[in-house]
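Per-entry structural report
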Amino acid sequence: MIEHISTTPFGRRSLSLAMVAGQMAADGCAPGASANKWQVFRAVCEAKGLLGASDRALAVLNALLSFHPDADLAEGEGLVVFPSNAQLALRAHGMAPATLRRHLSVLVDCGLVVRRDSPNGKRYARKGFGGEIEQAFGFDLTPLLARAEEFERMAEAVRAERRALQLLRERITILRRDIAKMISFGLEEGIAADWQRLHLEYREIIAQIPRTASRLELEPVATELASLAQEVRNALESHVKSKKTSANESHFERHIQNSNTQPHELEPGLEEDQGATVAQKLETRSQPPTGYPLGMVLRACPDIADYARNGISGWADLVETANLVRGALGVSPDAWNQACEAMGAVDAAIMVAAMLQKGEAIASPGGYLRSLTAKAHAGEFSIGPVLMALLRGRGGAQARAG
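Rules of the game
Residues numbered from 1 in each chain as written. Predicted model: local features only at pLDDT ≥ 70, side-chain atom pairs only at ≥ 80, totals over all residues. Heavy atoms only, no water. Helix = DSSP H or I, 4+ residues; strand = E, 2+ residues; numbered from the N terminus. Buried < 20%, exposed > 50% of the residue type's maximum accessible area, 1.4 Å probe, protein only. Contact = heavy atoms within 4.5 Å. Areas by Shrake-Rupley, 256 points an atom, 1.4 Å probe, with all protein chains shown as cover. Core = buried A, V, L, I, M, F, W, Y, C linked by side-chain atoms within 4.5 Å. Expected span 1.5 Å × (residues − 1). Arc of directions from axis to C-beta. pLDDT = per-residue confidence, 0-100. Salt bridge = Lys/Arg side-chain N within 4 Å of Asp/Glu carboxyl O.

**A look at the overall build of the protein**
In terms of regular secondary structure, the protein is built from 17 helices and six strands. Across the 402 residues that make up the protein, the buried fraction comes to 39%. Looking at the protein alone, contacts between residues at least 24 apart form 72% of all its contacts between residues at least 6 apart. Surface exposure of the protein reaches about 22,500 Å², of which carbon and sulfur atoms provide 52%.

**Examining the nonpolar core**
In this structure, Leu225, Leu318, Trp336 and Met351 are the most contacted members of the largest nonpolar core, which totals 65 residues. At 11 residues, the largest contribution of residues to this core is made by helix 15 (residues 345-358). Aside from chain neighbours lying at most four places away, what touches Trp336 is Val319, Ala322, Asn323, Arg326, Val331, Ala345, Ala348, Ala349, Val352 and Leu369.

**Some thoughts on the environment of Leu88**
Secondary-structure assignment places Leu88 in helix 5 (residues 85-91). In this structure the C-alpha to C-alpha distance between Leu88 and Phe67, which are 21 residues apart in sequence, comes to 8.7 Å. Residues contacting Leu88, with those up to four places away along its chain left out, are Val60, Ala63, Leu64, Phe67, Pro83, Leu100 and Leu104.

**Let's talk about helix 9 (residues 195-207)**
For helix 9, built from 13 residues, the straight-helix expectation of 18 Å at 1.5 Å per residue is met to within 8% by its first-to-last C-alpha distance of 18 Å. Turning to helix 9, its buried residues number three or more, namely Trp195, Leu198, His199, Tyr202, Arg203, Ile205 and Ile206. The arc enclosing the buried residues of helix 9, seen along the axis, measures out at 160°, which places them on a common side.

**Comments concerning the environment of Leu73**
Take Leu73: it is sitting in strand 2 (residues 72-74). Distance in space between the C-alpha atoms of Leu73 and Leu144 is 8.4 Å, their sequence separation being 71 residues. In this structure, Leu73 is in contact with Ala33, Ser34, Ala35, Lys37, His68, Leu79, Leu141, Leu144 and Leu145, ignoring residues within four places of it in sequence.

**Observations concerning the confidence of the model for the protein**
Across the protein, the average pLDDT comes to 80, with 79% of residues at 70 or higher. Taken element by element, the predicted model of the protein shows its lowest mean pLDDT in helix 11 (residues 268-286) (39) and its highest in helix 2 (residues 37-46) (95).

**Some thoughts on unusual backbone geometry**
Even without a glycine there, the phi angle at His93 is positive, about 65°. Residue classification places His93 among the exposed positions, given a relative accessible area of 71%.

**With respect to the pattern of salt bridges**
One pass over the full model with this rule turns up 17 salt bridges. Residues Glu150 and Arg147 are paired through a salt bridge, measuring 2.9 Å at the closest nitrogen-oxygen approach. Residue class for Glu150 comes out partly exposed when judged on its relative accessible area of 29%. Residue classification places Arg147 among the buried positions, given a relative accessible area of 17%. Residue Arg215 is joined to Glu161 by a salt bridge in which the shortest nitrogen-to-oxygen separation is 2.9 Å. Here Arg215, found in helix 10 (residues 215-249), pairs with Glu161, found in helix 8 (residues 148-189); they are 54 residues apart in sequence, far enough to count as distant. Accessibility expressed as a relative area gives 23% for Arg215, which makes it partly exposed. A residue is classified by how much of its surface remains accessible, and Glu161, at 35% relative accessible area, is partly exposed.

This is how it looks when you write it as structure tokens:
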């Protein structure tokens, strides 16, 4: 049995309540308790946010555990490890001495280890006549054993919270996809509804999502998105019901047919419009790339893909989707056509995707596009800075989230 007699830190370090709490946890260890040290360590790693331990502090704890010779922590069987700072720093991947001391203090403050300082502050063990350790000075791992069940409960709570957050994020992703595609479909089919208002409400809700959001922050967002999705769905369902009613009313008139057996000729205006549309699509497919690959554009402006009915696999898909989205943004057909003439259909589509990505940062998308069109006419427009700024913004957001 190893005797523990030191209770206060050596030198200028003062006693703290965290040290007293750690001492109490060690003294309260159940007789005969035992636990696998690496299972306890994994639970501590999962619960690090609740414990207040940093990644670097856990690296030091991992190094301390490596100095304990057995795989299990057993009550009363030498749970004090006494490596020198030099040895400990080596096993902590070459951590600097000052950094090592700081993270050792973090472990003590978190109640994960207890300092057992010798009279001169050195770490060592004193053996008896039989060669067994009678007294050891260093870091006592007993709190890990005494609180093993607590750490496991905390880890399970963290896992449950992580699962709930993942499910909530998946729900928000599905709602975002549903709303975007329903709005895109409504615009494409010309269904009567205030699509611009619905789209603005959708963008306002999305703008509320923080870059690193917790479950409590995302729950009201999911509720608002679900409500908006139902409103958009109701608009589509009302259109379907009205078409069914019209179909029933005209059921008895279907036998009336035109006596002319020749196929109906298209109205000249309609034929011209369709020809122009086909020509525009062919021109879009055949025109040279904007100078930036499509994958790069979609990385900078990923939101535009939510509105594509069958995905965006080429420039023609991007132009077609942007033509739908510009209506939701409040960009008039005239502004869109002028932009296509001045900067090309592809660059105009990229700018619509960029405006969609920026969201509330652009107060008047129509006016913004017209100003860029004027710059394009003057030869002062370039799509590159816009894409680079969006890519840098997304890169910074991902770094902060990571």
